[in-house]
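Structure at a glance
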Amino acid sequence: MKHQEKVSPFSEKKIRLTNSFEDQKPGTSGLRKSTKKFCEKDYLESFIEAIFQTLPGIKGGTLVLGGDGRYGNERAIQIILKMGAAHGLKKIITTTKGILSTPAASNLIRSQNAIGGIILSASHNPGGANGDFGVKVNGANGGPAPESLTNEIYRYTKKLKEYKLLDVPDISITAKGKHFLSQMCVEVIDGVDDYIHLMQKLFDFESIKQLINDDFPVIFDAMNAVTGPYAHYLLEKLLEAPTGTVLNGSPLEDFGGIHPDPNLTYASDLAELLLEKKQYSFGAACDGDGDRNMILGKDCFVNPSDSLAVITANAHLIPGYSEGITGVARSMPTSSAVDVVAKELNIKCFETPTGWKFFGNLLDANEITICGEESFGTGSNHVREKDGLWAVLFWLQILSKRRLSVSEIMKEHWLKYGRHYYSRHDYEGIESKAANDLYNRLENLLTSLTGKPFAGSIVTVADNFEYTDPIDKSISSRQGLRILLEDKSRIIVRMSGTGTKGSTLRVYLERFVPKTGDLDQDPQLVLKQLIDDINSLAEIERRTGMNKPTVIT
Ligand code: VG1
Ligand code: CO
């Protein structure tokens, strides 16, 4: 690629691109590609230029910038600072060593009245030179940019001819302080402090401290990713849990080789401590950028869909929510467990497409207070992102107020509401054409399914989910294939929008057993007929060449 450089009086450089990058379409959660791709000349710069040309309020505005510490984090920060200065931002708030979790970034955007933020993370994807990198764009409400904005950014990437930056040396972000790049102020703050203050406003730390003191050992796995410094502070300092409570607590560029996705497969060390060795009463883990959470009790895995339901049912016990919640929302593939709680509480319940950005309008309009996704994401109106450590504190607070074990909480919950047996089967790294063919074929088959018998029941709805935003009335279509059955079972099939290698097919399975039924069964057995029938209808094994999923949750 050839460059022509024009130098302005403020040493502003305009770099002409000789060709544009074709593959900068943001997915479920920002632009996510291999680190190698992001290291290609001008690749990152092009996407950032498109953001700076599109995000409202750049001139004279304040932007929040940070990331999960993965390989490429600091390089990207230096580039964005120089580009931000050339685009007339008044201020960029960044953090020491660039460490900033996604929920903490959301909080900062809101508290600093910023026009938005750029979060450098590929979330739960592996990091390092051979891993993945990503750029998430958030708006002024602190939440992921809505589809209208990401579409506009994408359109811009395709017509981009040049980008501009200030030709100045890197600045040091190892310590707190203020710097100036031409007219733009760079304020380096500690990315942990403000978030901790927010948590202190929501939770009763004394009662959690008491619980941990009373022989209730807890363990947290930060997976060598961004939550380490936050968790050390919250758990070991403020809540006085013993040193060593936080495992893998220093952010590493390659996450120490760990795949920072908190599920039973990738956080198996933690799972073993709780489920096999039964050494702790409570265990949790967060993902690369700190927005996901996995909750475990002694000998008990809490399914994320159930976690959302339990959080909703117990919100009145938490100081920050004691005045009641207005409503809840869940993503479409998330189980209906929370719907039943919402009905009992007589509050509104919304079903949105996958991706946190769809909760933003509902939260802003105060239609909902709490929301969540089956993919280990839970959150509330305290920020506009899902929040891993918030969910951990929420659970600890429930436990501290109710003084039951995690498994007792779950059993009580099911006895009251019935149990939504649930599982997600992921088929990762499928050859893309095979995955698309499978999906398209299944979509075509759906039209003839309604009214027919399926998995021991009758199909009531078979379609591709379309969502109309209740607030701005925007329509998002083709959000996942649904097969809903008369007995309340649900099967959802969708393609991942966050993977970077081939295609990932996700199959979500749900079957309801009322409170009078058997509530203590293995979900895979309860769901067996649904699994078998969708596998044969969609020809999953034959078309993917896989006889079992790569990850089962
Ligand atoms: C996945 C999850 C989705 C989540 C998204 C971003 O998307 O299924 O629920 O919102 O990741 O999470 P997909 O398209 O791969 O299924 V994160 O922790 O990357 O911000
Ligand atoms: Co994440």
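In this text, all values refer to a predicted model and were calculated from it rather than measured experimentally.

Quick word on unusual backbone geometry
Of note in this structure, Ser182 is not a glycine but carries a positive phi near 55 degrees. Tracing the chain through its elements places Ser182 in the loop between strand E9 (177-181) and strand E10 (184-189).

A closer look at the coordination of the cobalt ion (ligand 2)
Ligation of the cobalt ion (ligand 2) by protein atoms is provided by Ser123 (OG), Asp287 (OD), Asp289 (OD) and Asp291 (OD), these donors lying 1.9 to 2.1 Å from the ion. The motif formed by the donor residues of the cobalt ion (ligand 2), counted along the single chain, is S-x163-D-x1-D-x1-D. Asp289 sits in the buried class, given a relative accessible area of 0%.

Concerning the nonpolar core
Counting 106 residues, the largest nonpolar core has Met199, Phe220, Phe282, Trp390, Trp395 and Ile483 as its most contacted members. By residue number, the principal contributor to this core is helix H13 (residues 388-402), which donates 10 residues. Leave out the neighbours within four places in its chain, and Trp390 touches Tyr195, Met199, Leu202, Phe203, Ile311, Tyr321, Thr378, Gly379, Ser380 and His382. Formed by 44 residues, the second largest nonpolar core is a distinct cluster that contains Phe47, Ala50, Leu149 and Ile173.

Topic: the pattern of salt bridges
This model, assessed by the stated rule, comprises 36 salt bridges. Where Lys401 meets Asp204, a salt bridge forms, and the shortest distance between an N and an O atom there is 3.1 Å. One end of the pair, Lys401, is in helix H13; the other, Asp204, is in the loop between helix H6 (193-202) and helix H7 (205-213), with 197 residues separating them in the sequence. A salt bridge links Arg441 to Glu539; the shortest N-O distance between them is 3.2 Å. Linking Arg441 in helix H15 (residues 432-446) with Glu539 in the loop between helix H17 (528-538) and helix H18 (540-544), this pair joins segments that are 98 residues apart in sequence. By relative accessible area, Glu539 is classed as partly exposed at 22%. Connected through shared salt-bridge partners, Arg330, Asp339, Glu351, Asp463, Arg482, Arg490 and Glu510 make up one network.

Some remarks on empty space enclosed by the protein
Empty space among the atoms becomes visible once a probe the size of a water molecule is rolled across them. What the rule picks out here adds up to seven cavities of 30 Å³ or more. Computed from the structure, the largest cavity encloses a volume of approximately 260 Å³. Residue lining of the largest cavity: 25 residues in total, with Thr28, Arg292, Glu373, Lys386 and Thr498 positioned closest to the centre. Its residues placed into classes, the lining of the largest cavity shows three nonpolar, 10 polar and 12 charged. Approximately 110 Å³ is the volume attributed to the second largest cavity. Around the second largest cavity, the lining comprises 16 residues; the ones closest to its centre are Ser29, Gly30, Val137, Pro144 and Thr150. Counting residues per element, the ones that place at least two in the lining of the second largest cavity are strand E7 (132-138) and helix H5 (147-159). Among the elements that make up the lining of the second largest cavity, the one with the highest residue count is E7 (four residues). A class-by-class count of the residues in the lining of the second largest cavity yields eight nonpolar, six polar and two charged.

What to know about the packing of aromatic side chains
Tallied over the full model, the rule gives 10 aromatic pairs. Aromatic pair Phe203 and Phe394: ring centres 6.1 Å apart, planes at 80 degrees, arrangement edge-to-face. Residue Phe203 is found in the loop between H6 and H7, and its partner Phe394 is found in helix H13; the two are separated by 191 residues along the sequence. Owing to a relative accessible area of 4%, Phe203 belongs among the buried residues under this scheme. For the pair Phe358 and Tyr467, a centre-to-centre distance of 6.0 Å together with 85 degrees between the ring planes defines the contact as edge-to-face. With a gap of 109 residues between them, Phe358 in the loop between strand E17 (348-352) and helix H12 (360-364) and Tyr467 in strand E23 (residues 467-468) connect regions that are remote in the sequence.

Remarks on the packing of H13 against helix H14 (residues 406-417)
Remark: H13 packs on H14, axes separated minimally by 10 Å, with the N-to-C direction vectors making an angle of 85 degrees. Classed by the angle they form, the pair H13 and H14 counts as roughly perpendicular. Residues Trp395, Ile398, Leu399 and Arg402 of H13 form the contact with H14, whose participating residues are Val406, Ile409, Met410 and Glu412. Here the residues of the contact of H13 with H14 are counted per class, giving six nonpolar, no polar and two charged.

Quick notes on the pairing of strand E11 (residues 218-221)
Side chains of E11 alternate between two faces, with Val218 and Phe220 and Ile219 and Asp221 buried alike. Strand direction decides the pairing type here: E11 and strand E13 (residues 282-286), joined by four bridges, are parallel. Counted as the bridge partner of Asp221 is Ala285 from E13. Both E11 and strand E12 (residues 246-247) contribute to a ladder of two bridges, which runs parallel. In the sheet register, Phe220 faces E12, and the bridge partner there is Val246.

About the thresholds
Residues numbered from 1 in each chain as written. Chains lettered and ligands numbered in written order. Predicted model: local features only at pLDDT ≥ 70, side-chain atom pairs only at ≥ 80, totals over all residues. Heavy atoms only, no water. Helix = DSSP H or I, 4+ residues; strand = E, 2+ residues; numbered from the N terminus. Donors = N, O, S within 2.8 Å, 3.2 Å for Na, K, Ca; no water. Buried < 20%, exposed > 50% of the residue type's maximum accessible area, 1.4 Å probe, protein only. Core = buried A, V, L, I, M, F, W, Y, C linked by side-chain atoms within 4.5 Å. Contact = heavy atoms within 4.5 Å. Salt bridge = Lys/Arg side-chain N within 4 Å of Asp/Glu carboxyl O. 1 Å grid on protein atoms, 1.4 Å probe; cavity = no way out; pocket = protein on both sides within 12 Å on 5 of 7 lines; lining within 4 Å. Points joined across faces, edges and corners; volume = space filled by probe spheres on them. Nonpolar A, V, L, I, M, F, W, Y, C, P; charged D, E, K, R; others polar. Phe/Tyr/Trp six-rings, centres within 6.5 Å; stacked < 30°, edge-to-face > 60°. Axes fitted to C-alpha atoms, helices over the stretch in contact; angles between N-to-C directions. Parallel < 35°, antiparallel > 145°, perpendicular 65-115°, else oblique. Pairing = 2+ DSSP bridges.

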